[in-house]
Amino acid sequence: MAIGPARNLFYLYLSKNNVSKLRFLSVSSGFLHTHFAEPKKIHDFHVYGHPMQTPPQFSSLWCNQWKRLNLFHFYGHPFSTVVENGDNELEVCDLDVEENECGDGGLGSEKRLNFVQIASRDPVEIYRELRDATKCEKQTRADWDTLIEIFRCFAQSGWASNQALAVYIGASFFPTAAQKFRIFFFKKCKVDVVKYLESLGPCIEAEKFLFPIFVEFCLEEFPNEIKNFRKMVESADLTKPHTWFPFARAMKRKIIYHCGPTNSGKTYNALQSFMEAKKGIYCSPLRLLAMEVFDKVNGLGVYCSLLTGQEKKHVPFSNHVACTVEMVSTDQMYDVAVIDEIQMMADTYRGYAWTRALLGLKADEIHVCGDPSVLNIVRKVCSETGDELVEQHYERFKPLVVEAKTLLGDLTKVRSGDCVVTFSRREIFEVKLAIEKHSNHRCCVIYGALPPETRRQQATLFNDPNNEFDVLVASDAVGMGLNLNIRRIIFYTLSKYNGDRIVPIPASQVKQIAGRAGRRGSRYPEGLTTTLQLEDLDYLIECLKKPFEEVNKVGLFPFYEQVELFAGQIPNSTFAELLDRFGENCRLDGSYFLCQYNHIKKIANMLEKVQGLSLEDRFNFCFAPVNIRDPKAMYHLLKFASSYAQALPVNIAMGMPNCSARNDSELLDLESKHQVLSMYMWLSNHFEGDKFPYFKKAEAMATGIAELLGESIANARWKPESRNAGKQQKVVKKDQGETKDQLCLNTSSHKKIAA
Ligand SMILES: Nc1ncnc2c1ncn2[C@@H]1O[C@H](COP(=O)(O)OP(=O)(O)OP(=O)(O)O)[C@@H](O)[C@H]1O
Ligand SMILES: [Mg+2]
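This is a predicted model, so every value here is computed, not measured.

**Here we look at the overall build of the protein chain**
The helix and strand inventory of the protein chain stands at 25 helices and 28 strands. Every one of the 755 residues in the protein chain was classed for burial, and the buried ones make up 56%. Taking all contacts inside the protein chain whose residues are at least 6 apart in sequence as the whole, residues at least 24 apart take part in 75%. As displayed, the protein chain has an accessible area near 32,700 Å², and 50% of this comes from carbon and sulfur atoms.

**Observations regarding the UniProt feature "domain: Helicase ATP-binding" (unreviewed entry) in the protein chain**
Per the UniProt record, the feature "domain: Helicase ATP-binding" (unreviewed entry) sits at residues 247-363. Secondary structure within residues 247-363 divides into 32% helix and 26% strand; the distance between the first and last C-alpha atoms comes to 10 Å.

**Comments concerning the site of ligand 1**
Taken together, the neighbourhood of ligand 1 is formed by 14 residues, with Lys266, Thr267, Tyr268, Arg516 and Arg519 sitting nearest. Contact distances for ligand 1 include 2.9 Å between an oxygen atom and a backbone N or O atom of asparagine 263. At 2.7 Å from an oxygen atom of ligand 1 is found a side-chain nitrogen or oxygen belonging to arginine 516. Against a free-state accessible area of 630 Å², the protein chains account for coverage of 80% of ligand 1. Of the residues contributing to the shell around ligand 1, the split by class is three nonpolar, six polar and five charged.

**Regarding the sheet that holds strand β10 (residues 280-284)**
One open sheet accounts for eight strands, arranged β12-β11-β13-β10-β14-β15-β9-β16; its pairing is mixed. Two strands lie at the open edges of the sheet, namely β12 (312-313) and β16 (388-393), each paired on one side alone. Bridge count for strand β14 (residues 333-339) against strand β15 (residues 362-370) is six bridges, and the pairing is parallel. Bridging from a neighbouring strand, isoleucine 339 pairs with valine 368 of β15. Strands β9 (254-259), β10, β11 (304-307), β13 (320-324), β14 and β15 of the sheet are contacted by helix α11 (residues 266-276), whose axis makes an angle of about 165 degrees with β15. Packed onto the sheet, helix α14 (residues 375-385) meets β9 and β16 and runs at close to 160 degrees relative to β16.

**Points about empty space enclosed by the protein**
Remark: the empty space left among the atoms is shown by a probe the size of a water molecule rolled over them. Inspection of every chain in the model, using the stated rule, returns two cavities of 30 Å³ or more. Of the volumes computed, that of the second largest cavity is approximately 50 Å³. Forming the boundary of the second largest cavity are Trp244, Phe245, Tyr352, Thr355, Arg356, Leu359, Leu556, Phe557 and Phe559. The biggest single contributor to the lining of the second largest cavity is helix α13 (residues 351-360), with four residues. Tallied by class, the residues present in the lining of the second largest cavity amount to seven nonpolar, one polar and one charged.

**Quick notes on helix α24 (residues 664-686)**
For α24, with 23 residues, the first-to-last C-alpha span of 33 Å sits near the 33 Å given by 1.5 Å per residue. Of all 23 residues in α24, 18 are buried, a share of seventy percent or more.

**Considerations on the sheet that holds strand β17 (residues 401-402)**
Ordered by their spatial adjacency, six strands build an open sheet running β17-β24-β21-β18-β20-β19, and the pairing between neighbours is parallel. Here the strands that pair on one side only, and so sit at the sheet edges, are β17 and β19 (442-446). Of the pairings in the sheet, the one linking strand β21 (residues 488-491) to strand β24 (residues 528-531) comprises four bridges and is parallel in character. Bridge pairing in β24 links arginine 488 to leucine 528.

**Focus on the packing of aromatic side chains**
One pass over the structure, following the stated rule, counts 38 aromatic pairs. Considering the side-chain rings of phenylalanine 575 and phenylalanine 619, the 6.3 Å spacing of their centres and the 70 degrees angle between planes classify their relative orientation as edge-to-face. Residue phenylalanine 575 is found in helix α20 (residues 575-585), and its partner phenylalanine 619 is found in helix α22 (residues 615-622); the two are separated by 44 residues along the sequence. Of the two residues, phenylalanine 575 and phenylalanine 619, both sit in the buried class. Arranged with centres 5.0 Å apart and planes meeting at 45 degrees, the rings of phenylalanine 619 and phenylalanine 623 form a pair that is tilted. Above the face of the phenylalanine 247 ring, lysine 362 is positioned so that its terminal group lies 4.1 Å from the ring centre. One residue, lysine 691, lies across the ring of tyrosine 644, its end atom 4.5 Å from the ring centre.

Cut-offs used in this document
Residue numbering note: each chain is counted from 1, following its sequence as written. Chains carry letters and ligands carry numbers; both start at the beginning, A for chains and 1 for ligands, and go up in the order they are written. Per-residue local features are limited, in this predicted model, to residues with pLDDT of at least 70; the limit for side-chain atom pairs, both in listing and counting, is 80 or more; totals at the level of whole chains, interfaces and linings are taken over all residues. Processing note: side-chain calculations cover all non-hydrogen atoms of the structure and skip hydrogens and water entirely. Note on conventions: DSSP H or I runs of at least 4 residues are helices, E runs of at least 2 residues are strands, and numbering of each starts at the N terminus. For every residue, the accessible area (1.4 Å probe, protein chains only) is compared with the maximum for its type, and the residue is labelled buried under 20%, exposed over 50%, or partly exposed between those bounds. Throughout, a residue-residue contact means that at least one pair of heavy atoms, one from each residue, lies within 4.5 Å. The Shrake-Rupley method, run with a 1.4 Å probe, gives the accessible areas here. Residue values count only the displayed protein chains as cover. UniProt positions are given in the numbering used here, feature names are shortened, and annotations may be inferred rather than shown by experiment. Being near a molecule or strand, for a residue, means having at least one of its heavy atoms within 4 Å of it. The term polar contact refers here to a pair of N or O atoms within 3.5 Å; inside protein, the definition further demands a hydrogen-donor-capable atom paired with an acceptor-capable atom, and it admits residues adjacent in sequence only when both atoms are side-chain atoms. Following the grouping adopted for this structure description, the nonpolar residues are Ala, Val, Leu, Ile, Met, Phe, Trp, Tyr, Cys and Pro, the charged ones are Asp, Glu, Lys and Arg, and the polar ones are all others, Gly among them. Two strands are counted as paired when DSSP detects at least two bridges linking them. Helix axes are fitted only over the stretch in contact, all axes being lines through C-alpha atoms; the angle between N-to-C directions runs from 0 to 180 degrees. Points on a 1 Å grid over protein atoms alone make up a cavity when a 1.4 Å probe fits among them but cannot get out, and a pocket when they form an open set with protein on both sides within 12 Å along at least five of seven lines; lining residues each have an atom within 4 Å of a point. Grid points are joined across faces, edges and corners, and a volume is the space filled by probe spheres set on the points. Multiplying one less than the number of residues by 1.5 Å gives the expected span of a helix. For Phe, Tyr and Trp, rings pair up if their centres lie within 6.5 Å, where Trp contributes its six-membered ring, and each pair is then called stacked (planes under 30 degrees apart), edge-to-face (over 60) or tilted (otherwise). Geometrically, a lysine NZ or arginine CZ counts as sitting over a ring once it is within 6 Å of the ring centre and also within 35 degrees of the ring normal.

So, in structure tokens, the structure goes:
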């Protein structure tokens with residue numbers, strides 16, 4: 001639709017179909033403003049105004065129905081506005097410019113056209129004119145009000161603040177700089193610039209117009225701040241991470257991506273190449289899996305050592321090592337490396353370890369195993385590193401079958417070989433109790449707080465057909481790494497408490513867990529999956545059908561050296577402040593994100609009161625595997641750090657329990673104790689010298705406690721407690737069939753996943 005001319009000034013083209021009426025109005029120049037950069041093309045069209053200048057007939061429009069329109073095309077004259085009044089009516093306003101209050105700002109149409117030319121002027125020139133002006137030219141009150149609004153928006157503009165980073169004006173300094181710029185501008189402003197700005201209104205175009213003038217202003221006014229910030233930003237530069245590993249870049253590496261769903265033979269095939277190599281490294285997502293590969297490979301006659309945060313088992317004459325991904329060495333040369341579960345590159349907390357392994361490993365051949373979600377990003381990384389990429393796609397050996405019947409809420413329908421999956425420790429014990437009470441089955445248990453040794457012992461017990469333990473009750477800890485003889489995965493629920501509210505389990509995790517059923521070579525090569533409750537079935541099917549979502553970014557975290565360099569720029573700040581400043585100022589390429597470090601900050605804050613720790617000590621302590629929600633474990637970490645800072649040999653300061661747990665609080669205590677010992681072993685391996693001299697004692701105690709935990713779980717017949725009993729959120733579930741248990745979800749959700 002086209003209209004015009006109105007007051008012989010302009011034409012208006014509308015591309016909006018539901019407009020029923022158009023009205024032309026005249027308003028004062030202070031009211032509404034338009035800007036359009038590219039006439040003759042439909043483009044974003046902004047309408048802005050200020051209620052102070054609104055003539056009475058427009059008040060309600062301003063308040064209730066004033067909207068931004070973006071489907072209009074104007075050309076011919078810039079000073080026109082369109083307002084949608086809410087009833088699909090458009091009011092087109094031709095702006096009359098009134099004599100201003102001072103009498104000297106009245107502008108005829110010729111001069112008005114000059115405002116538009118301001119846009120094309122060199123901002124440096126505009127800045128110099130402003131700077132050299134002796135005083136500000138008089139403006140109307142309406143002009144001032146609009147200017148105030150424009151500068152308020154500029155100071156709050158995320159766009160301008162981000163752009164300013166590129167010229168080394170930091171996010172924390174930007175508001176100050178913007179305020180000073182405003183004062184400068186208001187003292188010096190010229191009518192034509194003001195009028196031009198007014199014609200734009202408080203919009204991104206106004207910000208884009210002001211920004212280069214702002215930059216000129218800052219360069220002259222804040223040279224020191226810019227210099228300092230420049231140093232800081234340069235030391236927080238996480239761009240081009242592939243250049244951090246020049247040796248790996250100098251190599252001609254071949255990356256083989258084993259891409260496929262669970263139970264499709266990805267790891268098996270990668271391990272074949274690993275074992276055939278002269279020298280190889282296998283990088284695991286979990287200690288448990290590293291231990292399993294260590295045992296398997298040694299069992300097949302290939303000498304292999306084990307390296308995790310907690311243990312170093314050196315096998316004489318070995319050229320192979322199975323390690324956790326955080327422990328991988330980027331100094332050693334290998335013929336073949338395997339990076340398992342490569343999709344973990346996108347993990348919010350630990351992703352950086354996979355990214356580092358992929359970018360930095362010095363291996364001729366690197367086998368990465370995982371689902372297709374990071375395939376595209378690995379392709380991109382390889383094009384940056386110059387590595388050759390070979391893709392091998394896999395299908396599941398046997399399709400996973402969904403049982404449509406479900407258990408209809410009845411746990412007595414559990415059969416031998418079933419694994420019931422729940423997402424809280426508390427529910428695990430309730431389910432175990434209910435199954436053992438109402439059937440002849442005995443249950444093994446696997447969950448995250450159990451030591452890997454106990455999890456393995458439980459897995460072995462479950463896998464062995466010659467005992468009474470034929471059902472497994474597990475948390476999502478069962479999703480990765482264990483080879484289990486599972487016939488059917490039964491989801492007890494498909495949601496979990498995330499520390500804030502109850503959320504559905506993400507589809508990728510549901511797939512990963514369901515895929516544990518029916519492993520090749522196990523007693524049950526064909527897998528089944530279902531839910532306890534009928535109403536969860538649709539969500540299960542939806543998750544299994546869902547294709548893998550493509551990941552756009554993978555994790556990064558600075559090395560200690562990068563943090564140290566950065567610390568030099570902001571002396572006298574605490575380690576937690578340092579991390580925050582780094583997070584605010586670091587620069588990343590589009591394919592990377594900075595991994596979450598809230599848990600690290602929490603430890604850093606706790607250790608702040610410990611005097612005498614170097615920055616590197618703090619960095620190391622903050623990465624220790626500790627459950628930040630477990631006050632006991634945090635207390636021990638604080639004690640360890642305090643002794644270390646005083647150069648005293650760090651004591652374990654903990655007695656060894658002499659019997660298995662008789663109730664849930666004793667079980668929780670055993671779990672906590674094991675975590676403290678595991679932390680001690682980790683610290684002992686990560687600090688040089690003999691500051692943690694009781695490693696052997698800690699190891700022996702940890703082994704003993706892992707055994708006690710195994711015994712305790714096998715005999716557990718009690719109602720569970722929560723570690724954070726006071727904060728529990730009670731959720732009463734529907735009738736649970738014969739079990740009729742009232743269930744509570746444990747609130748302790750996130751825990752640092754320690755490798
Ligand atoms: N070619 C093969 N010959 C014998 N057994 C095999 C073969 N391929 C795989 N398997 C066995 O099948 C099971 C699943 O294989 P694997 O662990 O490699 O799967 P995956 O694709 O890595 O699964 P996930 O994604 O769950 O890690 C393992 O027990 C493995 O030993
Ligand atoms: Mg695998």
